[in-house]
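What follows is the residue order along each chain.
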Amino acid sequence: MSEYHYVFIRPGFPRDRLLGDIAEACRGELEPVDEEFIDYAANLGHAAAEVELTHEYEEDHGMPFERYDSLLTVRDFDSDVKRQEAIARRIFDTLAATGRYDLMLVRDLQELLASFGRQE
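Here's a quick rundown of the structure. (Residues numbered from 1 in each chain as written. Predicted model: local features only at pLDDT ≥ 70, side-chain atom pairs only at ≥ 80, totals over all residues. Heavy atoms only, no water.)

**Looking at unusual backbone geometry**
Alright, step 1. In this chain, Arg10 is followed by Pro11 through a cis amide linkage whose omega measures -5°.
Alright, step 2. Relative to the helices and strands, Pro11 is located in the loop between strand 1 (5-10) and helix 1 (15-26).
Alright, step 3. The phi torsion at Arg27 lies on the positive side, around 60°, for a residue other than glycine.
Alright, step 4. Mapped onto the elements of the fold, Arg27 is located in the loop between helix 1 and strand 2 (31-32).
Alright, step 5. Although it is not a glycine, Leu109 adopts a positive phi angle of roughly 55°.
Alright, step 6. Inspection of the secondary structure puts Leu109 in the loop between strand 6 (102-107) and strand 7 (111-116). (Helix = DSSP H or I, 4+ residues; strand = E, 2+ residues; numbered from the N terminus.)

This is how it looks when you write it as structure tokens:
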């Protein structure tokens, strides 16, 4: 089973600004995707960044997923977990630097790696 890194984001609005900030953080273009759970995706070379504008995750392992509007998943094509985490941290840090979002960086929906903003 693959292990992914996730960035939970709030607020998820306005969507145009959120998508623009994510695209800039990914250093690529987000393209609309016609899949059940993925709304937009970017090819990052060795990985994909997949954006869900809404999600249905609820609190688990003490992490309040339901408080976050949107979700970005980083998935390395070669299952290189270290490279995947480095990409996810770079995206997280770039979004945090905007000061517009509350964020949680999570490994495999099991472990909180970093958070930014109000965590009430």
